[in-house]
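Understanding the architecture of this molecule
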Amino acid sequence: MTDPVRIAITGAAGQICYSMLFRIASGGMYGPNQPVVLQLLEIPQAMGVLEAVKMELDDCAFPLLADTICTSDPKTAFTDIDAALFVGAKPRGPGMERSDLLKDNGNIFSSLGKVLNEVANPEAKICVVGNPANTNAYILKANAPNINPRNVTALTRLDHNRAISQLAAKVDCKVTDINKMLIWGNHSTTQVPDISYCTVSGKAASGMVDQSWAQEEFIPTVAKRGGAVIAARGSSSAASAGSAVVDHMASWVNGTADGDWTSMSVPSDGSYGITEGLIYSYPVICKGGDYEIVQGLEINDFIAGKMKESENELLEEAEAVKDMT
Ligand code: NAD
Ligand code: LMR
């Protein structure tokens, strides 16, 4: 019998987790042959709801779910883990930007980062979801120097998936026909959805749509999609976010398909001139449980300018949290 992988998940009684946990427990993240143990963390006030989530997980009788641990003690949650998904944080409401959450949510990531540093496996794979995700990951990384910094990532897969869906609708193709979609930058309205390298059934996507659509409709629609969901739903995206976390981790663990890549926010190593250490969304190829930033792409002036704007926003956010890092 394969040993189970242990996954810590914060904010486990919240909206995102209510769909995501069931996907993980049924094998969506680590595959159909890999048992999992869920180490679920919540604040003390939410432990009652978390117990109800555990009851429902139990009631599904998932063959791959080896154990579910519910705790309000971060040390218990982060012990012996292979991965940690940092979902627990306040969501924004209508009229707010994600960066408006920095003050409230930043403290969660500095304090949980310290515990992670103390007890977690240094090679644990980390995905930060709570907003503003990139800068929260930046705070977490600074507070957890024992953790391999390459393994501290943030979620831009939701933006990547949104971009695929928008392009598929525009050119009337299946989502599976699309390869090499790309999101650069911050998970915010400055993000840069880029179809320069994208193909649709092997043909350049840029030749199938007007440049004005790509620049004036596609980019803002993808970048503002989170706000559009909030306006329509009254609360932020949850099921699509959970699905994107499953995709992010599944790609990292099992690899990206040959001839494709995905978008992940990872610590910049200076690639494409981005300040080292910022958590920036890049195209990555995943293989053997690791990822590499795709190198050598030529960037046109329009995209380069937007990439810089997103970098500048991350630099401003980093400055705003310097007392936490
Ligand atoms: P939610 O309010 O439904 O759930 C958040 C949960 O986190 C709550 O149950 C709360 O008790 C818990 N929590 C708060 N502080 C905690 C702590 N210190 N330790 C453990 N748990 C804690 O919110 P949600 O809809 O699940 O969204 C969670 C976060 O994810 C928000 O910040 C939201 O903006 C963000 N989000 C990010 C993306 C993305 O693509 N990166 C997408 C959607 C939502
Ligand atoms: C999203 O992109 O849907 C999330 O980041 C939630 C939000 O605040 O927009």
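Residues numbered from 1 in each chain as written. Chains lettered and ligands numbered in written order. Predicted model: local features only at pLDDT ≥ 70, side-chain atom pairs only at ≥ 80, totals over all residues. Heavy atoms only, no water.

**Remarks on the overall build of the protein chain**
Worth spelling out the cut-off: For helices the rule is a DSSP run of H or I covering at least 4 residues; for strands it is a run of E covering at least 2, with both sets numbered from the N terminus onward. When we talk radius of gyration, it's over C-alpha atoms, and the globule rule is simply 2.2 Å times the number of residues to the 0.38. Summary of the burial criterion: residues with accessible area below 20% of their type's maximum are buried, those above 50% are exposed, and those between are partly exposed, where the area comes from a 1.4 Å probe applied to protein chains only. Two residues qualify as a contact provided that any one of their heavy atoms is within 4.5 Å of a heavy atom in the partner residue. Values of accessible area rely on a 1.4 Å probe in the Shrake-Rupley scheme; residue burial ignores everything except the protein chains shown. We score Asp and Glu as negative and Lys and Arg as positive, and we do not count His or the chain ends. Taken as the charge centre is NZ of Lys, CZ of Arg, CG of Asp or CD of Glu, depending on the residue.
Scanning the protein chain from terminus to terminus reveals ten helices and 14 strands. The C-alpha radius of gyration of the protein chain comes to 19 Å, within 12% of the 20 Å expected for a compact globule of 325 residues. The principal-axis extents of the C-alpha atoms in the protein chain amount to approximately 50 × 45 × 40 Å. Among the 325 residues that make up the protein chain, the fraction classed as buried is 54%. Residue pairs at least 24 apart in sequence account for 74% of intrachain contacts in the protein chain once pairs closer than 6 positions are excluded. Of the roughly 13700 Å² of accessible surface on the protein chain, a fraction of 50% belongs to carbon and sulfur atoms. Positive and negative side-chain charges in the protein chain, numbering 25 and 38 respectively, have mean positions lying 2 Å apart.

**Examining the environment of Met264**
Within the fold, Met264 resides in strand 12 (residues 262-267). Assessed through its relative accessible area of 1%, Met264 is described here as buried. With 137 residues separating them along the chain, Met264 and Cys127 place their C-alpha atoms 9.5 Å apart.

**Things to note about the nonpolar core**
Selection rule: Throughout this description, the term nonpolar core refers to a set of buried Ala, Val, Leu, Ile, Met, Phe, Trp, Tyr and Cys residues connected via side-chain atoms within 4.5 Å.
Grouped together as the largest cluster of nonpolar side chains are 57 residues, with contacts concentrated most on Ile7, Ile9, Met20, Leu38, Leu57 and Leu85. No other element matches the seven residues that helix 1 (residues 15-25) contributes to this core. Within the second largest apolar cluster, 27 residues are counted, among which are Phe86, Phe109, Ala124 and Ala144.

**A short note on unusual backbone geometry**
Backbone torsion omega between Asn131 and Pro132 reads -5°, so that peptide bond is classified as cis. In this structure, Pro132 sits in the loop between strand 5 (125-128) and helix 5 (133-143). One non-glycine residue, Ala61, adopts positive backbone phi at about 50°. Topologically, Ala61 is positioned in the loop between helix 2 (47-59) and strand 3 (65-71). Residue Ala61 is classed as exposed on the basis of its relative accessible area, which comes to 60%. Look at Tyr272: it is not a glycine, yet its phi comes out positive at around 60°. With respect to the helices and strands, the residue Tyr272 is situated in the loop between strand 12 and strand 13 (279-287).

**Notes on the sheet that holds strand 7 (residues 178-179)**
The test is simple: Two strands qualify as a pair provided DSSP detects at least 2 bridges between them.
Overall, antiparallel pairing links the three strands, which are arranged 7-10-11 in an open sheet. The open sheet has two free edges, formed respectively by strand 7 and strand 11 (203-204), since each of these has just one partner strand. The pairing of strand 10 (residues 199-200) with strand 11 spans two bridges and is antiparallel. Residue pairing for strand 11: Val200 is matched across the bridge by Lys203.

**Considerations on the environment of Met324**
Mapping Met324 onto the fold places it in the segment after helix 10 (301-320). On the accessibility criterion, Met324 (14% relative accessible area) is buried. Contact partners of Met324, with chain neighbours within four places excluded, come to Leu102, Gly106, Asn107, Ser110, Ile139 and Asn143.

**Here we look at the domain arrangement of the protein chain**
Put simply, the rule is: An automatic or database domain assignment provides the domain bounds reported here. Here's the idea: put two parts together, see how much 1.4 Å probe accessible area each one loses, and the total over both is what we call buried area. Definition used for salt bridges: Asp or Glu carboxyl oxygen within 4 Å of a side-chain nitrogen of Lys or Arg. Two N or O atoms count as a polar contact when they lie within 3.5 Å, although within protein this holds only if one can serve as hydrogen donor and the other as acceptor, and sequence-adjacent residues are included solely when both atoms are side-chain atoms. Ten residues, namely Ala, Val, Leu, Ile, Met, Phe, Trp, Tyr, Cys and Pro, are considered nonpolar, four, namely Asp, Glu, Lys and Arg, are considered charged, and the remaining ones, Gly among them, are considered polar.
One can read the domain layout of the protein chain as domain 1 (5-154) and domain 2 (157-320). Of the residues lining the interface, 36 residues belong to domain 1; the matching set on domain 2 comes to 42 residues. Both sides of the domain 1 and domain 2 interface together cover about 3000 Å² of buried area, and 60% of this is carbon and sulfur. Among the residues domain 1 hides against domain 2, the three largest losses belong to Arg98, Asn134 and Arg150. Together they make up 22% of the total. Where domain 1 meets domain 2, there are one salt bridge. Between Asp290 and Arg150 there is a salt bridge, with its nearest N and O atoms 2.7 Å apart. Remark: the boundary between domain 1 and domain 2 carries 14 residue pairs in polar contact (both at pLDDT 80 or more). Secondary structure elements with two or more residues in the side of domain 1 that touches domain 2: helix 1, strand 4 (83-86), strand 5, helix 5 and strand 6 (152-154). Ranked by residue count, the leading element in the side of domain 1 that touches domain 2 is helix 1, at six residues. Its residues assigned to classes, the side of domain 1 that touches domain 2 comprises 19 nonpolar, ten polar and seven charged.

**Observations regarding the pattern of salt bridges**
Under the defined criterion, the tally for this structure stands at seven salt bridges. Glu319 is the salt-bridge partner of Lys322, the closest N and O atoms lying 2.8 Å from each other. By relative accessible area, Glu319 is classed as partly exposed at 48%.

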